[in-house]
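# Inside the fold
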Amino acid sequence: MSTFELVQGAIIALVVVVSAYVAFRKLLPKTSTRVMARVSASLNRPGRAGVVRSLGRRLQPATATGSCGDGCGSCGSCGPATPKSEAQPLHFKPRN
Amino acid sequence: MSAIAMRVALVGNPNCGKTALFNQLTGGRQKVANYAGVTVERKEGRFVAPSGRTLHILDLPGAYSFDATSPDEAITRDVCHGRYPGEAAPDLIVCVADATNLRLHLRFVLEVRRLGRPVVLALNMMDAARRRGIVIDVEGLSRRLGVPVVETIAVKRGGAKALMERIDASVPEVAPAPIDEADVEQLHAEVRSILADTVKLPRDTVALDDALDRWALHPVFGLAILATLMFFIFQAVFSWAQPVMDGIEAGIAALGNWVTGFLPADSALHSLLNDGVFAGLGAVLVFLPQILILFLFILVLEESGYLPRAAFLLDKMMFRVGLTGRAFIPLLSSFACAIPGIMATRSIQDPRDRLTTILVAPLMTCSARLPVYTLLIAAFIPDHAVWGVFNLQGIVLFALYFAGIFSALAVAFVIKRMRKDKSEHALIMELPSYRLPNVRDIGLGLWERALIFLKRVGGIILALTVLLWFLSSFPGPPPGATQPAIDYSIAGRLGRMLEYVFSPIGFNWQICVALVPGLAAREVAVAALGTVYAMSGSDDAVASQLGPVIAHQWSLATALSLLAWYVFAPQCMSTLAVIRRETNSWRNVAVAAGYLFGLAYLASLATYQIARALT
C-alpha cells in the first residue's frame with residue numbers, strides 16, 4: 001500500500017467517523033448524551049492513565065440541545081430545546 | 001433586592017414590544033414581529049448594567065391578564081406569582097405597555113402592580129404615540145400608578161436607555177393595591193379614571209389603518225389582495241433568484257474542479273470530494289437565494305402587521321373546517337418550519353383545537369421542501385410565460401403550496417367530523433397598527449436565515465452526505481464487475497430493496513436511496529440525489545448539473561409523483577419529536593406519521609398512474 005493510499009484511508013476514516021458522530025448528536029441528542037456520558041464515565045475512572053482520563057473529561061457531554069436548527073427547515077425562532085419543566089403538553093378534559 | 005444577579009421579568013400584553021426590548025437590553029436576537037403570540041416560551045438573557053451588576057432578564061409570553069386562558073399565558077402568570085417550577089419570583093417586573101393603546105394595556109399593569117413586587121412601567125412605542133398626537137403625562141401616570149414610568153422605543157437603537165438606567169437604580173417596594181381580585185369592573189373603572197387624568201387621545205384609531213383596513217379586511221377585495229400577494233411571492237421566488245443561482249452553481253463547479261484537480265481522478269478521496277461533498281452540498285446550496293427571497297416576503301409581512309388581518313379574513317373558512325382562527329399564525333409559521341409552528345400552537349386555548357393544528361401543521365410547505373420542489377420544477381416544467389406576465393414554473397410552485405394548504409384544511413375537516421365537534425370558539429385577535437418594515441431588521445433577519453441554512457448545510461447535511469457517499473462506495477465492486485460501483489454498495493442494495501415498495505408510485509432505486517437520509521431533513525434528499533447520481537454516472541458534470549440529469553433519466557410521471565410525495569411526507573424526524581413533546585403522546589406521533597405517509601403514498605400513486613396514462 002502506497003503512502004498516498006494510507007493517508008487517504010486515514011482521512012476518509014476520520015471524515016466518516018466524525019460525520020457519523022455529528023449525525024448521531026444531531027438526530028438522537030438524548031441517546032447520544034446518554035452514550036457519551038457512559039463512555040466518558042468509563043474513561044474517566046480512577047486508575048486509568050492520565051491521557052485516557054483527560055479524554056474522558058473532554059467527552060463529558062453538555063446538556064442535550066436538540067432544536068429546530070438541527071432538524072427541519074430553516075427556522076431560527078424556537079431557540080434551544082425546551083426544558084422538561086417548560087414543556088406544555090396537551091391535557092384534555094371531557095366537554096360539558 | 002439582591003445586589004448581584006437581579007432577576008428582571010419583562011411582562012405585558014401581547015405585541016407591546018417585550019421581545020424587542022429584551023433584544024435591546026441583552027443584545028439578543030430573539031424573533032420579533034408585528035402580531036400577537038410570537039413569544040410562547042420564557043426566554044432568558046443577561047446584561048451587565050452600568051453599575052457593574054449582572055442582571056438576568058426574562059422575556060415572558062404576552063398576557064392580557066393573570067386569568068390565563070392559554071398555556072403560554074400560564075407561564076407568565078406562574079413566573080410573576082413565583083409559582084414557576086425551579087424559578088424564584090423576579091426581583092423586578094418591567095411591565096411593558098403600548099403607549100398608543102393604553103386603554104387596553106393599563107388593565108394588566110394594574111394587575112401586575114397588585115402583586116406587591118417592585119414594578120417599572122415601560123411606555124413603549126412612544127415615537128408612534130407622538131406621531132398620532134397622543135400626549136401622556138408621564139409624571140402624572142407615575143403618581144397615579146405609584147410606580148416609576150419610563151419612555152421607550154424598542155425598535156430604535158438606544159431606545160431602551162432610560163429603562164436600563166431605571167432598572168439599574170433601586171426601585172422601591174410596592175404595596176399591593178386594596179382591590180378585590182375578582183373585581184374586574186373596578187379595574188376597568190380605574191383604567192378609565194387614570195386615562196382621563198393623564199392621557200390626551202385625539203383619535204381612538206389611526207386614520208391610515210382604518211383606510212387600509214377598509215380594503216384589506218373587505219370580504220371580497222381582502223381575499224383577492226391576499227391571493228395576489230401569495231401568487232406574487234411564488235412568482236418572485238422563481239424569477240428573481242435565477243441569476244444568483246446560476247452564479248452559485250458556476251462557483252461551486254469551479255471550486256470543485258480546482259479542489260479535486262490536485263487528486264488522482266480514480267482515487268477514493270477524489271470521489272468523496274467530487275461525488276459526495278460537491279455533488280451533494282452543491283445541489284442544496286444553490287437554493288439559498290430562493291429561500292432568502294421567500295423569507296424576505298415572510299419577514300416583510302410579519303413586520304407590516306398584515307398577518308393578523310389575513311387571519312381575520314380566513315377565520316370563517318378555517319372555522320368551517322374545524323380550525324380556530326388562532327391557528328392561522330402557527331400554520332403560517334410552519335411555512336418557515338413546522339417546529340416553531342407546532343410550538344406556536346400554545347396560544348390556542350382549546351386542547352382539541354390545538355391538537356388538530358399540531359396534526360395539520362406538517363402539511364404546510366416548510367422552506368426545507370423548497371429545494372426539492374424547485375429542483376423538480378426547474379427540470380420538468382418549461383420556463384414559459386403565461387399570458388405574457390406570469391411564469392409557468394412560479395404557477396406550479398404556487399399550486400404546490402396551495403396543495404399543502406388545501407390538504408391541511410381537508411384533514412382538519414375530517415378530524416372535526418371524527419371528533420363530532422360542534423363547539424364554537426370566537427376569534428378575538430388584536431389587529432396591530434400597520435408599520436413600515438425596518439430595513440435593518442429585515443436585513444438582520446435574512447442574514448440569520450442565511451446563517452441557519454449554511455450551518456445546516458455545513459452540519460447535518462454535510463454529515464449525512466458523507467455517510468451516504470460511504471454507504472454508496474462500500475463494499476466495492478467485485479473483480480470483473482460491469483455495473484457502476486454503487487450497484488454493489490450497501491446504499492445500492494438498500495435502494496433496490498425499497499424499489500419493490502416504491503415502484504408502483506414510479507420511484508426508481510436512486511430516489512429510494514435519497515428518501516432515507518431525507519428522513520432527517522427534507523433538503524438532504526436533494527443532496528443525496530446529487531451524490532447517488534454522481535456515483536452512478538461517469539460524467540463529472542453531474543456534480544453541478546443534477547437538474548438536467550434527472551430530466552433526462554426520469555419520466556414526467558415520476559417527477560410529478562415525487563412532488564406529490566413531498567406535499568405530504570413527514571420526512572423530518574425533528575417535527576415528529578416536537579409533536580411528541582407538545583402532545584406528550586407517542587400515539588399522536590404515530591397518528592401524524594401514519595396519516596402523512598399514507599396520504600403521501602396514495603397521492604403519489606394516483607399522480608403517477610394518472611400522469612402515465614395521460615403521457
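All of these numbers come straight from a predicted model, not from anything done at the bench. (Residues numbered from 1 in each chain as written. Chains lettered and ligands numbered in written order. Predicted model: local features only at pLDDT ≥ 70, side-chain atom pairs only at ≥ 80, totals over all residues.)

Each helix and strand in chain A was counted, giving three helices and zero strands. When the helices and strands of chain A are placed in sequence order, the string is α-α-α. Counting all 96 residues of chain A, 23% fall into the buried class. Contacts in chain A between residues at least 24 apart in sequence constitute 26% of all its contacts with a sequence separation of at least 6. (Helix = DSSP H or I, 4+ residues; strand = E, 2+ residues; numbered from the N terminus. Buried ≥ 20, exposed ≤ 12 C-beta atoms within 10 Å, placed from the backbone. Contact = placed C-beta atoms within 7 Å.)

Let us look at the environment of Phe406(B). Residue and element names in this part refer to chain B. As for its position among the elements, Phe406 is in helix α17 (residues 392-419). C-beta crowding within 10 Å serves as the criterion here: with 13 such atoms nearby, Phe406 is assigned to the partly exposed category. Placed 393 residues apart in sequence, Phe406 and Asn13 show a C-alpha to C-alpha distance of 33 Å.

Moving on: the packing of helix α10 (residues 268-285) of chain B against helix α18 (residues 439-473) of chain B. All names here are of chain B. Put simply, α10 and α18 touch, their axes get as near as 9 Å, and they point 135 degrees apart. The pairing of α10 with α18 is recorded here as oblique in orientation. Note that α10 runs across α18; the crossing there is right-handed. Contacts from Ala268, Ser271, Leu272, Asp275, Gly276, Val277, Gly280, Leu281, Val284 and Leu285 in α10 reach Val457, Ile461, Leu462, Thr465, Val466, Trp469 and Ser473 in α18. (Axes fitted to C-alpha atoms, helices over the stretch in contact; angles between N-to-C directions. Parallel < 35°, antiparallel > 145°, perpendicular 65-115°, else oblique. Left-handed = near helix turned anticlockwise from the far one by under 90°.)

Bringing the nonpolar core into the picture now. Residue and element names in this part refer to chain B. Grouped together as the largest cluster of nonpolar side chains are 139 residues, with contacts concentrated most on Ile461 and Leu563. In terms of residues, this core owes the most to one element, α18, which gives 14 residues. Sequence-distant contacts of Ile461, defined by excluding residues within four places in its chain, comprise Leu281, Val284, Arg456, Ala521, Glu523, Val524 and Ala527. Ranked by size, the runner-up nonpolar core spans 53 residues in total, among them Ile93, Leu121, Ala154 and Ala160. (Core = buried A, V, L, I, M, F, W, Y, C linked by C-beta atoms within 7 Å.)

For the rest of this paragraph, the subject is helix α21 (residues 524-536) of chain B. With 13 residues, α21(B) extends 18 Å between its outermost C-alpha atoms, agreeing within 8% with the 18 Å of an ideal straight helix rising 1.5 Å per residue. Buried residues dominate α21(B), accounting for 13 of its 13 residues. (Expected span 1.5 Å × (residues − 1).)

For any two helices packed against each other, one specifies the crossing angle of their axes together with the interaxial distance. Residues and elements named next belong to chain A. Running from N to C, helix α2 (residues 29-43) and helix α3 (residues 50-59) cross one another at 160 degrees; their axes reach a closest spacing of 7 Å. If you check the angle between α2 and α3, you find them roughly antiparallel. In terms of crossing hand, the pair formed by α2 and α3 is left-handed. For the pair α2 and α3, contact is made by Met36, Val39, Ser40 and Leu43 and by Val52, Arg53, Leu55, Gly56 and Leu59, respectively. Its residues assigned to classes, the contact of α2 with α3 comprises six nonpolar, two polar and one charged. (Nonpolar A, V, L, I, M, F, W, Y, C, P; charged D, E, K, R; others polar.)

A word on the confidence of the model for chain B. Residues and elements named next belong to chain B. When pLDDT is averaged across chain B, the result is 85; 94% of the residues are at 70 or more. Element-level mean pLDDT values for chain B span from 80 in strand β9 (residues 385-386) up to 94 in helix α25 (residues 586-614). For this predicted complex, the interface confidence reaches an ipTM of 0.73, while the overall pTM sits at 0.77. (pLDDT = per-residue confidence, 0-100.)

To continue, consider unusual backbone geometry. Residues and elements named next belong to chain B. In this model, Phe474 is joined to Pro475 through a cis peptide bond whose omega is -10 degrees. With respect to the helices and strands, the residue Pro475 is situated in the loop between α18 and α19 (490-502). Unusually for a residue other than glycine, Asn15 sits at a positive phi of about 60 degrees. Note on placement: Asn15 falls in the loop between β1 (6-12) and α1 (18-26). Positive phi values are uncommon outside glycine, yet Asn584 reaches one of about 55 degrees. Checked against the element boundaries, Asn584 lands in the loop between α24 (573-583) and α25. A residue is classified by how many C-beta atoms lie within 10 Å of it, and Asn584, with 13 of them, is partly exposed.

Next up on the list: the sheet that holds strand β7 (residues 149-151) of chain B. Residues and elements named next belong to chain B. Across the sheet, which stays open at both edges, the six strands sit in the order β2-β3-β1-β4-β5-β7 with mixed pairing between neighbours. Strands at the two margins of the open sheet, each flanked by one partner only, are β2 (43-48) and β7. If you compare each strand with its neighbour and ignore which way they point, the axes differ by 25 degrees on average. When β1 meets strand β3 (residues 54-59), the two strands line up parallel, connected through five bridges. Its bridge partner lying in β3, Arg7 is registered against His56. The strands touched by helix α6 (residues 161-168) within the sheet are β1, β3, β4 (92-98), β5 (119-124) and β7, with β7 carrying the most contacts at an inclination of about 150 degrees. (Pairing = 2+ DSSP bridges.)

Here we come to the environment of Leu273(B). All names here are of chain B. Assignment of secondary structure puts Leu273 in helix α10. Put simply, Leu273 and Gly492 are 219 residues apart on the chain and 19 Å apart in space, counted from C-alpha to C-alpha. Here Leu273 is in contact with Val259, Thr260 and Phe278, once residues within four sequence places are set aside.

Residue and element names in this part refer to chain B. The element α1 is largely enclosed, with a buried count of eight among its nine residues. Those residues of α1 that sit buried are Lys18, Thr19, Ala20, Leu21, Phe22, Asn23, Gln24 and Leu25. At its buried positions, α1 is contacted by β1, β2, β3, β4, β5 and α6. Just downstream of α1 lies Gly27, where phi reads positive at about 75 degrees.

All names here are of chain B. Among the structural elements, Glu448 can be located in helix α18. Residue Glu448 is classed as partly exposed on the basis of its C-beta count, with 17 C-beta atoms lying within 10 Å. C-alpha of Glu448 to C-alpha of Arg29: the two residues are 419 residues apart in sequence and 9.1 Å apart in space.

Take the pairing of β3(B) next. Sheet analysis places β2(B) next to β3(B), joined by six bridges and oriented antiparallel. Bridge pairing links Val48(B) to Thr54(B) in β3(B).

The next thing to look at is the confidence of the model for chain A. A residue-level look at chain A finds 64% of positions with pLDDT of 70 or above and a mean pLDDT of 73. A low-confidence stretch, residues 64-81 of chain A stays under pLDDT 50, and its non-local contacts, those more than four residues away or across chains, total 68 contacts.

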